[in-house]
Each structure stands twice: as structure tokens, then as C-alpha cells.
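One-letter residues, chain by chain:
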Amino acid sequence: MSMTDEAPRLIERPVAAAAEPQAAEPPPAAERDVVFRSHDVNVYYGAFRAVRDVTFDVPKNEIMALIGPSGCGKSTVLRCYNRMNDLIKDARVTGAITYRGTDLYDERVDPVEVRRRIGMVFQKPNPFPKSIYDNVAYGPRVAGQKKGLDDVVESSLRKAALWEEVNDRLNDSALGLSGGQQQRLCIARAIAVGPDVLLMDEPCSALDPIATARIEDLMQEIKQDYTIMIVTHNMQQAARVSDTTAFFTADVRSENDTRTGILVEVDTTQKMFSNPADERTENYVTGRFG
Amino acid sequence: MISRLSDEKSRAAIAASIERRRVDARGLLFRTVLQACLLLTLALLAVLLITVAFDSTDQLGARFWDFLGGTLRSQSGDEQLGVHQAIYGSMWIAIIVALLAFPIGIGAAVYLEEYAPRNRFTSFIEVNIRNLAGVPSIVYGLLGLALLLNGQIFGLDRLTGGRSTLSGGITLAILVLPIVVITSGEAFRAVPTALREGAYGVGATKWEMIRTQVLPYAAPGILTGTLLSMARAIGEAAPLILVGAVTGRLGDNPGLFDLGALDERFTALPIVITSWTQQSGRDAGFATAAAAAIVVLLVFVLMMNSAAIGLRNRFEKKRG
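Note that the structure is a prediction, hence the values are computed from the model and not measured. (Residues numbered from 1 in each chain as written. Chains lettered and ligands numbered in written order. Predicted model: local features only at pLDDT ≥ 70, side-chain atom pairs only at ≥ 80, totals over all residues.)

## Side note on the overall build of chain A
Item 1. Counting its regular elements, chain A contains ten helices and ten strands.
Item 2. Each of the 290 residues in chain A was classed as buried or not, and the buried ones make up 48%.
Item 3. Counting contacts in chain A only where the partners sit at least 6 residues apart, residues at least 24 apart contribute 71% of the total. (Helix = DSSP H or I, 4+ residues; strand = E, 2+ residues; numbered from the N terminus. Buried ≥ 20, exposed ≤ 12 C-beta atoms within 10 Å, placed from the backbone. Contact = placed C-beta atoms within 7 Å.)

## Considerations on the confidence of the model for chain A
Item 1. Looking at chain A as a whole, its pLDDT mean stands at 86, while 88% of the residues score no less than 70.
Item 2. Confidence over residues 1–30 of chain A falls short of pLDDT 50; this stretch has 46 contacts with residues more than four positions distant or in other chains. (pLDDT = per-residue confidence, 0-100.)

## Concerning helix α3 (residues 25–61) of chain B
Residues and elements named next belong to chain B.
Item 1. In this model α3 runs 51 Å from its N-terminal to its C-terminal C-alpha over 37 residues, within 8% of the 54 Å that 1.5 Å per residue would give.
Item 2. The largest bend along α3 measures about 40° and falls at D55.
Item 3. The buried count for α3 comes to three of 37 residues, which makes it a mostly uncovered element.
Item 4. Within the span of α3, buried status applies to S56, Q59 and L60.
Item 5. Buried residues along α3 sit in contact with α4 (64–69) and α14 (285–319). (Expected span 1.5 Å × (residues − 1). Bend = angle between axes of the 7 residues up to and from the residue.)

## Side note on the interface of chain A and chain B
Item 1. On the side of chain B, 16 residues touch chain A, which itself brings 22 residues to the contact.
Item 2. Of all the elements in the fold, those that place two or more residues in the side of chain A that touches chain B are α2 (111–117), β6 (118–121), α3 (132–142) and α6 (179–191) of chain A.
Item 3. When the residues that make up the side of chain A that touches chain B are grouped by side-chain class, the tally is 13 nonpolar, four polar and five charged. (Nonpolar A, V, L, I, M, F, W, Y, C, P; charged D, E, K, R; others polar.)

## Overview of the packing of helix α5 (residues 84–115) of chain B against helix α13 (residues 269–279) of chain B
Residue and element names in this part refer to chain B.
Item 1. Where α5 contacts α13, the axes come no closer than 7 Å and their chain directions differ by 140°. What the angle tells us is that α5 and α13 run oblique. Here A86, I87 and S90 of α5 lie close against α13, whose contacting residues are L269, I271 and V272.
Item 2. Looking at the contact of α5 with α13, its residues break down into five nonpolar, one polar and no charged. (Axes fitted to C-alpha atoms, helices over the stretch in contact; angles between N-to-C directions. Parallel < 35°, antiparallel > 145°, perpendicular 65-115°, else oblique.)

## Examining α14(B)
Residue and element names in this part refer to chain B.
Item 1. With 35 residues, α14 extends 52 Å between its outermost C-alpha atoms, agreeing within 8% with the 51 Å of an ideal straight helix rising 1.5 Å per residue.
Item 2. Taken together, the buried positions of α14 are occupied by F286, T288, A289, A290, A291, A292, A293, I294, V296 and L297.
Item 3. Residues of α14 that are buried in the fold lie against α3, α4, α5 and α13.

Dropping the structure here:
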């Protein structure tokens, strides 16, 4: 069951369909296509609320950065968009997240199909202990594709700017690649299933500056084909690569020692880093906090 | 700072302050004790191997093929005395254990680790599987006796032929089942979360993730566990006695791959070793026969271990 085949359904919650932007409260993406729309999203781990009332839109074919101090829930938020939190025991998501107008958490939605459309690149490069070729071909294979895998592998590796470096050793183990190459391989692996969105959870935190620069260039090159959301600890990175930035922070309650992630502000990256509306954002991006 | 301080005087003072002044006697003592532990272990093993090898020459040196091809006899001087039936029994018991305990045990472990909900009931089950692994083997022999020989449940005795290789194999399969479940479960738990998430991240279903990531990654660990359990099964004598292994005289001598004899009276290498050692009091010749049977059992286990280690290395290479 693929998701875009279905007509966009209106959700019972106060979320506008993707086609009609809200007039009252113009989101930063008012005139652009919106891929994701989240409304009052809360994430719970058991009784603990990790993220509170997150509402924002993700515009199409742009790079959106999620920044904020450690423990502010930005990775948790990112993992809501491809139902990765489903894998965590006791994790629960409330509120509404729509993907092109369809509620991602509707019971009719198959998380496996969601993940084929909404790919993910993880913090630490996690190539499978298989050959380079088999890593890239893994997604298409589990999706049932048998023919034309060579082409998919080549084009994915080319898009991930890795083809030139590995085309003579596709059958070697992926674990023999350098960290930066492994991360680009993971990007190629995510691209190979033909996703619409790439979620990147601190993809460069384990890489050196040169490998990081390559990944950032790569993101710029592929953003006309994909919508990208990236969680990063590195504010320079957010400023360099993203079009839109969302700043999260942790709401610490000292009376019961809990931290809950909240969304402070979303705006164009330029505005967020030059003239943010919220003082907390300014303190964070200027390095006075966090 | 440093360059200013480094005149001759202060350099000598620094050199003196980091000079080795005492012998680390306790460290040395500790190391020696550890070495002694290792040497003691090796020495005991060496004594065992040397005496057994030396004693076995009467049989294995003088009449090697006759001993391997011979049968259970009541006199040690009997020229037909040998371990062929015992090899038949041990080999088929090993095969039955592998065919029954490994798939069932690994399957149960996959379910427990990957599918079963984590709650009090499943942890209760896990604790009890661990307990079962510690139950004395004689108790499993009693279970085999009730289940497979006396036909108290399901009339299984008609299927196994009662006191037979089949009964022995099934009993030992039940004996090692908990060990297989525990060690396989540990191997599954060691699979990195990153691999699981990577597979889910490109749209693998749970089953695909388990088949393509968890099982291959856990294969070497599972193999080590099953190998240990196999070695345990091969060395057990007590449960086999309860399910009717023959210790005295056994006439029939089936061919090594004669499947028709699986439901007939049987013996096995540990049984033969026990029995011959007991009889050596009245008939001293049995002592050398027992030693020779021990050598045969050791070679048997060694062959199985090297096959398993070879397989494990291949899996590990694949894993990278």
C-alpha cells in the first residue's frame, strides 16, 4: 500500500490539508509546498514526556535544520517522521503529523512503507557487514526488486558522490571504507529505495571536517530531488547548509527533575541566525547558552 | 617555563624523581600465581592425556581396526571387542540432537528475544529456562524414561522403539535445549541496534530485518553455543543409562549409516567407557579398552569442534 496513491484525507484535528496554507498564522513556508506538517506533537517514553506541543511545517525541496542543546528532543522529533519511535518500547506519539496531507500515525498506515518513502541517515555510519554493492542494493531487494539492481546501485552511489571512489571494488566489504565514505554509503543506501525525504540525525558528528564538507556539498546537490531534515549540534553547519531552522530547547523543571523538549522558534535560517524573534534563540546561536 | 628550568641541577632533580626505586613485588607475585594456575591446569590435562594415550596402545596400537569395528563383549580378551556400536550410537545421538535441539532452540530464542513482549511472564520464562540448564542430567534421563520408554505420555515409546538410539538422542536433545536457547538469545542480544535501525530505515519488515541482519550477525555466537551444548550431549552417560543404553553385551552391529537400527538397543561412547572402567576390577584387560574408548571419544569431539570452528570463522569473515 503506497501512501501517495491515497487521496489526502482531512484529519479530525485542526490541521490544514497540505494544499491550503493557513492564512491566520502564516508559517515560514506559506508560499511553498509543504511535505510535513506537525501539530501539537507530544512524545512520551512511558509516563515521561520527552517532547511537548511541537507544531511546525517542513517545506518541500529544502533543507531544514533542527538545532538545540543536548536533551532537547530534536532527534526524538526527527524520528517521529518515519515512525522510528515505534521501535522503542513504551514510546508514544500524540498530536498529528501529516505527510503530504496523510496522517502518518493513522492505523491504516504501514510504517514499513513510510520508511521506504522517508529515508534515514544515522549519527554513526552503520553500513551492514556486507559488500558495498549489497549495502546499496539492500533496500531495493527487501522491496522485492530483482532486476536492474546494477543501475540502481550505480546511480545511488553517483548521487552520494561515492561512485568514483568505490566503482572498482563494489564487492569489497563496506566496513573497509573510511568513516566519511561509510556515511556517504549510508546516504546512497537511503537514496537507493527512491525516497522523497531524507532524515539525517547528526550525520557528520562522527566525521572529520573534510568528510563533513563533502556531506554538506552532497546535501546541496541532492536537495532538488529530496526534502532533507537534519539534526545537528553544529550551528555553523546549520547556518551553512539549511534553508530553514527550527530551534528546540529543554524545559527543565527542577521540582521533579524532568526535561521536556520544546520548540522555541522556526524561521528561515538567515533570520534565525541574524535576527531571531526569541531571546533564547539569540542566546543559543550566539553561543551564550547551551 | 620548561626551557628556563632545564639547567643541569633541575634536570638531575627531575631525573631522580621519576627514577624506578622499588620492585613491584606484589605485582610480580600476582603474575606468578596466575602463571601457576595455568600451568596446573595444563599439567593435569597433560597427565590425563598421556596416561590415557599410553594405556590405549594395547587396543589402538595392536588392533586398531578390529577395535574400531568390534562390538560390546563380556570378556576383555575377546577378539571381537570394540567400539563400533558405541560410535554408531554417539554419532547418531549427535545428529539427532543437532536436528532437534538446534532448530527448536534457536527458534525459541528468536521468539523470546525479538517477538515476545517484555513483561513479568516472559522474564519468568527466561529465568526458568536458565534454571532448566542447571538441572542435573539424570533428571532428564528420568524424563526420557517416562516419556519415551514407559509410554506414559502420548505412547511415544512405540515411535522410538523404547530403549533405542532414537530415545537417547531425543533425551539429550531435551537436555541441551535450554543451553541452546540461552546462548542463542545472548547472541541475538549482541546484535548492534545500529544494524537493526539501518535495516528498518530502508523499509525492511521485522522478518526481513531478522533474516538479513540478526541471524547472520548472531551466527558465530549461536554456533559457539550449540557447539558447547553438543560437546555436553556427547559426553553424557547418566541419562543414557536410564533410557536403556546397553552396558554388558550387545549382539547386533549395524553399519554406520544403517538408519533401520535407530530404534534398536544401543550403546554410546561414554556408556562404554563407564562400563569398561567398572568391569576392569574383575577383568583387568578392560582398563586398556576403556582408555582406548576415551581416545576415540576425544577424537570424535575434536573433529566436531574443528568443524564448528571452521564454520564459525567463515561466518565471522562474512560478518567482517
